[in-house]
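Below, each chain spelled out in residue letters.
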Amino acid sequence: MNKIINLTKANTLIRVSLFCLSFLFFHVDSFSQDTEKGKKLFKANCAACHNVGAKKVVGPGLQGVNEKYDREWLGKWIKNSQALIATGDDAANEIYNEYNKSIMPPQAVNDEEIDNILAYIANPGTEKAKGPAVVSGVPVEVVEEDNSMLMFMFFGVIILLLILIITLNKTGVFVKEVIAKDAGETYMGPRTLGQNLSKLMADNKGIVAAVVIVLFFGGLLNLVDGAFQIGVHQGYKPEQPIKFSHKIHAGEDQIDCNYCHSGARHSKSSGIPSLNLCMNCHTYIDGSDGKTFMYNGEQYSMVEEIQKIYDHLDYDTETQVYGDNPTPVKWIKVHNLPDHVYFSHQQHVVAGKQKCQTCHGPVEEMDVLEQHSPLTMKWCIDCHQETAVATKGNGYYDEMHNRMTPEFKEKVLNDGILTVQEIGGWECAKCHY
Ligand code: HEC
Ligand code: HEC
Ligand code: HEC
Ligand code: HEC
Ligand code: HEC
Ligand code: HEC
């Protein structure tokens, strides 16, 4: 009886406290409604290109725009910047030219929503003071997934099993007879494979030897066959530890390849971006609007995948503070030339003016990144034979032409086309260390 009374009392207490709490929340909520709404709208519509601090992302940091422009101008710009530019508006044309005429798409937001967004930009809370999230570099780790040997063994075992079953099947009738005769009895119906096998092995050494020989050579053939495929990984598309989709980033959101792979223009390798770069956008884009996306034919939740970035950086989304225990993501290397080959991105992208897609295929359509080209020696030299060097307006070649002997100039440049092969793109030492 006492217990029941106590429970009822506790119940009332909980109800009362819940009521008080909800009251409190209601008031906190309505107090900061505009900026809260604005924050959500900003994340959904603007954060892919803008930071609320001073930092440049795709477009300028929006800190201070409320002071820089009046409300009417901002409304026109946000709804349709191109229309405003077309009117000849000075300020609009100035910022447009400053950003190399990159187009800010018209935003599907109404006046009330723009008010909320501007309120959030004026008062983004802790994010404003902190500005863009930058932590000292977390090293990028790229690992090679060495499963070629495993695949070998796997297929080897399967083929061996097949051969075993076929062999057993063919000798099946014979086996049954032998077994029955040996045991001094008549055939009593099927036994298990195991029973048959052990009996067979014990009693028929000749057959066992034959099977072993077949297995051995079968296995060997399989190995030799596999060996021709070593080193050619065309179509290789490992699932990555973070299900990063190029289709979303480079395709739908049209982020330039060079924004993330800036090495391609300046060095031998393109490199994989560090997670700090991701935070330029993912400080705001956290997937909390509940969207899903496709990766390798499966559906995943954005919020869970993006959370992995925060986990690796040891970043607390509540306090927006970075901890002391960042861990690198172990991206799995997709492309991998042998060590004896020299390949430079800068040479091909800058001097050679080759597009990323010529060698890597339609990356902007891939959710899982895959190796598009074979990366064999034939692939390299075929292209060097067919492709003309982009000499026009290239200072490097102007200088090279000056250094050429007249005979060489005559011979090479006469047909009007200078192929990569003709400048030495077939010389062993150019590609091999
Ligand atoms: C796809 C990228 C993109 C998106 C999305 C985007 N913007 Fe922009 N925005 C730009 C670029 C680029 C500029 C620089 C001017 C130019 O090149 O047109 C710019 C300029 C601006 C400017 C002028 C800033 C200045 O300092 O002069 C404002 C204000 C602005 N954007 C607000 C917004 C708001 C608000 C949203 C979301 C509702 C938004 N933008 C969404 C790309 C974008
Ligand atoms: C937002 C950043 C981002 C953008 C933009 C981006 N990438 Fe990537 N890229 C990555 C990350 C992260 C990886 C490693 C994970 C993976 O392989 O999917 C990667 C991997 C790659 C790889 C494979 C690397 C390897 O291991 O061999 C290639 C090739 C590549 N990107 C090409 C491109 C091209 C071409 C574009 C433009 C069409 C592009 N990327 C745009 C971030 C980006
Ligand atoms: C002429 C062909 C070619 C072009 C053009 C090309 N790549 Fe590559 N890319 C390769 C080869 C070959 C590899 C493998 C290099 C290795 O394993 O050493 C590679 C590797 C990569 C990797 C893996 C990391 C690395 O650097 O090894 C990334 C990322 C990448 N490329 C991005 C790009 C981007 C972005 C562009 C355009 C700006 C581009 N590539 C243009 C042939 C090309
Ligand atoms: C220039 C802005 C920008 C950068 C830089 C950026 N992202 Fe994104 N990312 C986005 C946008 C926009 C989305 C889609 C969000 C949506 O649709 O709600 C997204 C979605 C994602 C998702 C969920 C969908 C998917 O692709 O799997 C993951 C995971 C992700 N990003 C990881 C990364 C990683 C890792 C990096 C750094 C290598 C990175 N992002 C860099 C803008 C960016
Ligand atoms: C899509 C065509 C294409 C493919 C594929 C290609 N290359 Fe090239 N390569 C070029 C072009 C164009 C140049 C000329 C660049 C320049 O103007 O300096 C070049 C130049 C070179 C040079 C410098 C040659 C010299 O005489 O200065 C080397 C080395 C090289 N490539 C290596 C490779 C290797 C290794 C591969 C294969 C892994 C490869 N290339 C695949 C187009 C290609
Ligand atoms: C344009 C670049 C290029 C040139 C020029 C080139 N090679 Fe190669 N070579 C490669 C690449 C790339 C591979 C790696 C192929 C693979 O892993 O499948 C390779 C592989 C090899 C191999 C290893 C066997 C194999 O197929 O994997 C030998 C041997 C070789 N090259 C010899 C030569 C000789 C000799 C020359 C000069 C006549 C030469 N190469 C010129 C790019 C080149």
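Conventions and cut-offs
- Residues numbered from 1 in each chain as written.
- Chains lettered and ligands numbered in written order.
- Predicted model: local features only at pLDDT ≥ 70, side-chain atom pairs only at ≥ 80, totals over all residues.
- Heavy atoms only, no water.
- Helix = DSSP H or I, 4+ residues; strand = E, 2+ residues; numbered from the N terminus.
- Buried < 20%, exposed > 50% of the residue type's maximum accessible area, 1.4 Å probe, protein only.
- Contact = heavy atoms within 4.5 Å.
- Areas by Shrake-Rupley, 256 points an atom, 1.4 Å probe, with all protein chains shown as cover.
- Donors = N, O, S within 2.8 Å, 3.2 Å for Na, K, Ca; no water.
- Tetrahedral: all angles 85-135°; square planar, octahedral: opposite > 155°, others 65-115°.
- Pairing = 2+ DSSP bridges.
- Near = heavy atom within 4 Å.
- Polar contact = N/O pair within 3.5 Å; in protein donor to acceptor, adjacent residues only side chain to side chain.
- Salt bridge = Lys/Arg side-chain N within 4 Å of Asp/Glu carboxyl O.
- Core = buried A, V, L, I, M, F, W, Y, C linked by side-chain atoms within 4.5 Å.
- Nonpolar A, V, L, I, M, F, W, Y, C, P; charged D, E, K, R; others polar.
- Arc of directions from axis to C-beta.

All right, on to the overall build of the chain then. A count of helical and extended segments in the chain gives 23 helices and six strands. The buried share of the chain, reckoned over its 433 residues, is 29%. Contacts spanning at least 24 positions in sequence make up 68% of the contacts within the chain whose residues lie at least 6 apart. Carbon and sulfur atoms make up 60% of the accessible area of the chain, which totals about 28200 Å².

Coordination sphere of the iron atom of ligand 1, protein contribution only: His50 (NE2) and Met104 (SD), at 1.9 to 2.1 Å. Its six donor atoms give the iron atom of ligand 1 angles of 87 to 178 degrees at the centre, a pattern that matches the octahedral case. You can see His50 sitting in the loop between α2 (33-45) and α3 (65-68) and its partner Met104 sitting in the loop between α6 (90-98) and α7 (111-122), a full 54 residues away along the chain.

The sheet contact formed by strand β2 (residues 292-295) and strand β3 (residues 298-301) spans four bridges and is antiparallel. By the bridge assignment for β3, Thr292 is matched with Ser301. The turn joining β2 and β3, which pair antiparallel and follow one another in sequence, is formed by two residues; a positive phi near 55 degrees is taken by Asn296.

Turning our attention to the site of ligand 4. Neighbouring ligand 4 are 22 residues, the closest being Lys243, His249, Cys278, Cys281 and His282. Lys243 has a polar backbone atom sitting 2.4 Å from an oxygen atom of ligand 4. Between ligand 4 and Lys291 there is a distance of 3.1 Å, counted from an oxygen atom to a side-chain nitrogen or oxygen. Taken together, the elements giving at least two residues each to the shell around ligand 4 come down to α13 (246-252), α16 (275-282) and α17 (302-313).

Here the focus is the environment of Thr292. Along the chain, the position of Thr292 falls in strand β2. Residue Thr292 is classed as partly exposed on the basis of its relative accessible area, which comes to 43%. When the C-alpha positions of Thr292 and Val303 are compared, they lie 8.3 Å apart, and in sequence the two are 11 residues distant. Non-local contacts of Thr292, meaning those with residues more than four positions away in its chain, are made with Gln299, Tyr300, Ser301 and Met302. Within the structure, Thr292 has its side chain in polar contact with the side chain of Gln299 (distance 3.2 Å).

All right, on to the pattern of salt bridges then. Counting across every chain of the model gives eight salt bridges. Notably, a salt bridge pairs Glu72 with Lys76, separated by 3.5 Å at the nearest N-O pair. Taken as a pair, Glu72 and Lys76 lie in helix α4 (residues 71-79) at a separation of four residues, close to a single helical turn. Under the relative-accessibility criterion, Glu72 is labelled exposed at 55%. Judged by relative accessible area, which is 45%, Lys76 ranks as partly exposed.

Another aspect to go through is the nonpolar core. Counting 26 residues, the largest nonpolar core has Phe42, Trp73, Trp77, Ile117 and Ile121 as the members making the most contacts within it. Broken down by secondary-structure element, the contributors of at least two residues to this core are α2, α4, α5 (81-86), α6 and α7. Ignoring anything within four residues of it in the chain, the contact list for Ile121 reads Phe42, Val52, Leu62, Val65 and Asn66. Counting 16 residues, the second largest nonpolar core, distinct from the first, contains Leu275, Tyr315, Tyr322 and Val329.

Within the first shell, the iron atom of ligand 2 binds the protein through His246 (NE2) and His261 (NE2), at distances of 2.0 to 2.1 Å. Each of the six donor atoms bound to the iron atom of ligand 2 contributes to angles spanning 87 to 179 degrees, and the resulting shape is octahedral. Of this pair, His246 sits in helix α13 while His261 is found in the loop between α14 (257-260) and α15 (263-266), placing the two residues 15 residues apart along the sequence. For His246, a relative accessible area of 15% puts it in the buried group.

Residues in contact with ligand 6 amount to 15 residues; listed here are only the nearest, Pro338, Met377, Cys428, Cys431 and His432. Taking His432, its side chain carries an N or O atom lying 2.7 Å from a nitrogen atom of ligand 6. When contributions to the shell around ligand 6 are tallied by element, the ones reaching two or more residues are α20 (377-386) and α23 (428-431). The leading source of residues in the shell around ligand 6 is α20, at four residues. When the residues that make up the shell around ligand 6 are grouped by side-chain class, the tally is nine nonpolar, five polar and one charged.

Right, let's talk about α6 for a bit. All of the buried residues along α6 are Ala92, Ile95 and Tyr96. Burial along α6 is one-sided: seen end-on, the buried residues are contained in an arc of 105 degrees. Opposite its buried face, α6 presents the exposed residues Asp90, Glu94 and Glu98, each directed more than 90 degrees away. Buried residues along α6 sit in contact with α3, α4 and α5. Capping the start of α6, Asp89 holds a side-chain oxygen 3.2 Å from the backbone nitrogen of Ala91, two or three residues further along. Count one or two residues on from α6 and you reach Asn100, which has phi positive near 50 degrees.

This part covers the side chain of Glu305. Along the chain, Glu305 falls in helix α17. According to the relative accessible area criterion, Glu305 is buried, its value standing at 7%. Within the local environment of Glu305, its side chain forms a polar contact with the backbone nitrogen of Lys243, the two atoms lying 2.9 Å apart.

The quantities given are spatial measurements derived from coordinates; they are silent on function.
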